[in-house]
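The lines below spell out each chain.
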Amino acid sequence: MVGMAERGDSAALSKELRARLSAHDLSEGDVTDVAHAVASRELRTAKGDAQRARVHDVHGCVEPLSSPLGDVVKTRGPGAPYALVSLYEAGELSRGTARDYLADADPLFRQIGVRTLDGEDDRARRRAAFLDAHPMVRRAALRAAIDAQDAGDESALLEAARLDPDAFVRSFAVRALALLEKPSPALANGLADLWEDADDALREDIALAWSLSPIYEQGGRDALRSLLGRGHGPGAISGATAILGGPRAKSDIELAEMSVAVLARHIESGGRRDRVLALAVSPLDRPVLLAAVEKAADDADPDVAVQGLRRLLSLEKTRARAQTRLEGYAARKDKAGRDARTALAAAGDLRIQKWVEEDLAATDPSAKVAAARALVLLGRMPRASLLLTDPDPHVRTATSCVFLRK
């Protein structure tokens, strides 16, 4: 079967997989070996934009595919710079090799060299890269700044967070500011100045930054108190979660109580997006929040109800009822049904296997890959093996990655 996969003979491979499945003679080890061969071939044979797409498909399983990803790098094709980044972030590319690209004329390759500029001797080059013409280089420079934690970067980071047109750069800049070892006492106010013009994603990062020492003690607490008292949306949810998930939950009773109120309010009366987000992050050891989640589990909106039931599935005292209720959603063909199947698969509920396997023939590629993931969670990996011969190369490669990172 590995040989068939290496040759790209999907017809023969599909026939053999079906025969093995019928004979109950297909192990997880067999499937993993075939998956490695499939993904390796897809990476090595893809050309043009397809090469970049295949590299993105294996983002979650870089280590076992480091060799074919290295072959992609050698082509200097559209997927090569992204393969380099994946290899470096996974620890499969040395710092020295990455720095060889610092002077590369192509900014997509130069970014991997810039990503290494996190040392004391790299300050000038790192800060210059904050202003590079290419957003990928600027993103790499800001990620290096997150690692550097250099207080001298503060003003440049605030400038990037305020003015850069790229949303990822702005986000990385705020995250770097949050982790500075010795920020200035004015940083909390500087972050507050960013708030009004920030989008929801950046507001989440700002709220988290306010919760971290020493920013918290230097004005962050006051900013959070104001946010929790009047704010709404993902930023307020992020601030509340940061308080309840950290040391402030016990040391700052006032902010903890305000945070509970913020999350409960969003669960009960926010928009669908905010309700689902608050349900996902609310700590269930708070009686008020547990009551809000239990109420949401009965909501008329199926997406809200399923998210509430997913949380209740994690508690012993509510697990049985939540499991029964989720099984009632699991046959649905919409997002709520898929989310219910995923939750039940994670809980090892084999009664949903039939519905999961129906998704293997779905027209939506993401539904197929989600089904493979669910079958892995259920301990039924071989049942999804035929996706390795799917006509869609994205499905073949992404499913291979699901199997390889099991």
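Throughout what follows, the structure given in this document is the object of discussion. The structure displayed is predicted, hence computed values, not measured ones. (Residues numbered from 1 in each chain as written. Predicted model: local features only at pLDDT ≥ 70, side-chain atom pairs only at ≥ 80, totals over all residues. Heavy atoms only, no water.)

We now examine the state of the cysteines. Per the counting criterion, the structure on display carries one disulfide. In this model, Cys-61 is linked to Cys-401 through a disulfide, with the two sulfur atoms separated by 2.2 Å. On the S-S bond that ties Cys-61 to Cys-401, the torsion sits near -135°, and the link is left-handed. Taken as a pair, Cys-61 in the loop between helix 4 (48-57) and helix 5 (66-75) and Cys-401 in helix 26 (residues 393-404) lie far apart in primary sequence, 340 residues in all. Both residues of the pair, Cys-61 and Cys-401, belong to the buried class. (Disulfide = S-S within 2.5 Å. Helix = DSSP H or I, 4+ residues; strand = E, 2+ residues; numbered from the N terminus. Buried < 20%, exposed > 50% of the residue type's maximum accessible area, 1.4 Å probe, protein only.)

Now for the packing of helix 25 (residues 365-377) against helix 26. Contact geometry for helix 25 and helix 26: axes closest at 10 Å, N-to-C directions at 20°. As the angle between them shows, helix 25 and helix 26 are arranged roughly parallel. Classified by chirality, the crossing of helix 26 by helix 25 is right-handed. The segment helix 25 lies against helix 26, with Pro-365, Lys-368, Val-369, Ala-372, Arg-373 and Val-376 engaging His-394, Val-395, Ala-398, Thr-399, Val-402 and Phe-403. Here the residues of the contact of helix 25 with helix 26 sort into eight nonpolar, two polar and two charged. (Axes fitted to C-alpha atoms, helices over the stretch in contact; angles between N-to-C directions. Parallel < 35°, antiparallel > 145°, perpendicular 65-115°, else oblique. Left-handed = near helix turned anticlockwise from the far one by under 90°. Contact = heavy atoms within 4.5 Å. Nonpolar A, V, L, I, M, F, W, Y, C, P; charged D, E, K, R; others polar.)

Considering soluble globular proteins, one finds that nonpolar side chains tend to be buried as a cluster. By size, the foremost hydrophobic cluster in this structure holds 132 residues, and its most contacted members are Leu-69, Leu-191, Ile-206, Trp-210 and Phe-403. Looking at which element gives the most residues to this core, the answer is helix 18 (residues 253-269), with eight residues. Once residues within four sequence positions are removed from consideration, Ile-206 is found in contact with Val-174, Leu-191, Leu-194, Trp-195 and Ala-198. (Core = buried A, V, L, I, M, F, W, Y, C linked by side-chain atoms within 4.5 Å.)

Function cannot be read off these values alone, since they describe shape.
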